[in-house]
Amino acid sequence: MFPTLAPPAGFDATPDGLMAFAHHLANSVRPLARRHFRTPLAVEAKADASPVTEADRGIEARLRAEIHQAYPGHGILGEEEGGDFAHDLTWVVDPIDGTQSFITGMPLFGTLIALVRGGRPILGLIDMPALAERWHGNGSSAWFGGKPIRTSRRALAEARLFATSPDLFKGADAEAFAALSAAVGLRRFGGDCYAYGLLASGHCDLVVEAGLKVYDVMALAPVVEGAGGVMTDWAGRPLTPDFDGRVIAAANPELHAAALRQLTGFA
């Protein structure tokens, strides 16, 4: 378990202070997620038909209040209330990544917290409230439960591939994913943000997705890259706020290049 960390005083913008505040945020909202998990909840459909609950909204409201209090000059972008990148530093939050898992009693949902400067995330945190597990990273180092982690060195033929659902892929994207699936050693579905933490810890090697939003990915990249992995769009470009929703995370540069070659004829 992580200790409760007080938010940094004033406008402490040191890397350690900002990361400490990210942990403070996660500690603050983890009890809210656990309180609502596996309880009767009204589920509404948003404009894009994705589900939302009072837990999603309540957690994001708490995150926004904490950020405004500690860093009133920072921007905020969240899944439920929106936002933009007009500020030099913007916190990007997804209160419950994996709402479908959350509402069906599956513990593989997470709270995602990132800090973005110039369109690139400079820190990311993946908190799994039901499992009391957490990853965090800054793009050059990453940790699980406070211990340093590294990705695997597996090659494509033995790689373990994850995607949240086959339903993410349509048309040519589905063909591309099928080609990649045929080239790896093992394919699994499910997990949402949890799969990226598993990749950072060396348990799986590839995560490939489509149809994602900026709040789905900004917290993941500093963890994956900090552990030694590579995370880009399907064209191999770094993830920015205007990415097209398609993501590939790989455990090492060689695997990333090989996986991209499998996707190139279709993406």
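Let us look at the structure shown here. (Residues numbered from 1 in each chain as written. Predicted model: local features only at pLDDT ≥ 70, side-chain atom pairs only at ≥ 80, totals over all residues. Heavy atoms only, no water.)

The next subject is the overall build of the protein. When helices and strands are counted, the protein shows eight helices and 14 strands. Reported as C-alpha extents along the three principal axes, the dimensions of the protein are approximately 50 × 40 × 35 Å. Evaluated residue by residue, the protein yields a buried proportion of 55% over its 267 residues. Across the protein, every contact between residues at least 6 apart in sequence was considered, and the portion connecting residues at least 24 apart equals 63%. On the protein, roughly 11,100 Å² of surface is accessible, and the fraction owed to carbon and sulfur atoms is 53%. Here the protein holds 23 positive side-chain charges and 30 negative ones, and the gap between their average locations is 6 Å. (Helix = DSSP H or I, 4+ residues; strand = E, 2+ residues; numbered from the N terminus. Buried < 20%, exposed > 50% of the residue type's maximum accessible area, 1.4 Å probe, protein only. Contact = heavy atoms within 4.5 Å. Areas by Shrake-Rupley, 256 points an atom, 1.4 Å probe, with all protein chains shown as cover. Lys, Arg positive; Asp, Glu negative; His and termini not counted. Charge placed at Lys NZ, Arg CZ, Asp CG, Glu CD.)

Quick look at the packing of helix α1 (residues 15–36) against helix α2 (residues 54–70) now. Packing of α1 against α2 leaves a shortest axis separation of 10 Å and a crossing angle of 155 degrees. Relative to α2, the element α1 is oriented roughly antiparallel. The chirality of how α1 crosses α2 is right-handed. Contacts between α1 and α2 involve F21, H24, L25, S28, V29, L32, A33 and H36 on the former and, on the latter, E54, A55, G58, I59, R62, L63, E66, I67 and A70. (Axes fitted to C-alpha atoms, helices over the stretch in contact; angles between N-to-C directions. Parallel < 35°, antiparallel > 145°, perpendicular 65-115°, else oblique. Left-handed = near helix turned anticlockwise from the far one by under 90°.)

Considering the arrangement of structural elements, one finds V207 in strand β12 (residues 206–209). Take V207: its relative accessible area is 0%, and that puts it in the buried class. Spatially, the C-alpha atom of V207 lies 12 Å from that of L186, the residues being 21 residues apart in sequence. Those residues in contact with V207 that sit more than four places away from it in its chain are F162, A195, Y196, L199, V247, I248 and A249.

In this section: the nonpolar core. Judged by nonpolar contacts, the single largest core of 36 residues is most densely connected at I126, W135, Y196, V217, M231 and V247. Ranked by residue count, the leading element in this core is helix α5 (residues 194–200), at six residues. (Core = buried A, V, L, I, M, F, W, Y, C linked by side-chain atoms within 4.5 Å.)

This paragraph deals with the state of the cysteines. Inspection of every chain in the model, using the stated rule, returns zero disulfides. Residue C193 stays outside any disulfide, its sulfur separated by 12 Å from that of C204, the closest cysteine. The class of C193 is buried, set by a relative accessible area of 1%. C204 sits in the buried class, given a relative accessible area of 1%. (Disulfide = S-S within 2.5 Å.)

Moving on, we come to the pairing of strand β14 (residues 247–250). Burial along β14 is two-sided: the residues V247 and A249 and I248 and A250 are all buried. In terms of strand pairing, β12 meets β14 through four bridges, oriented antiparallel. Across the sheet, residue V208 finds its bridge partner in β14, namely I248. Both strand β13 (residues 230–232) and β14 contribute to a ladder of three bridges, which runs antiparallel. Counterpart to V230 in the pairing with β14 is A250. (Pairing = 2+ DSSP bridges.)

Each regular strand carries side chains that alternate between the two faces of the sheet. Burial of the side chains of β12 extends over both faces: L206 and V208 are buried on one face and V207 and E209 on the other. Bridge count between strand β10 (residues 160–163) and β12: two bridges; the pairing is parallel. Among the inter-strand pairings, F162 is bridged to a residue of β12, identified as V207.

Our next topic: the pattern of salt bridges. In the structure shown here, the tally under the stated rule is 10 salt bridges. Its salt-bridge partner being D205, residue R154 comes within 2.6 Å of it at the nearest N-O pair. Of this pair, R154 sits in the loop between β9 (147–148) and β10 while D205 sits in the loop between α5 and β12; the two residues are 51 residues apart in sequence, bridging distant segments of the chain. D205 gets classed as buried once you look at its relative accessible area, which sits at 0%. Across the salt bridge formed by R237 and D233, the nearest N and O atoms sit 2.8 Å from each other. For D233, a relative accessible area of 4% translates into the label buried. Members of the salt-bridge network, linked through shared partners, are R30, D127 and R134. (Salt bridge = Lys/Arg side-chain N within 4 Å of Asp/Glu carboxyl O.)

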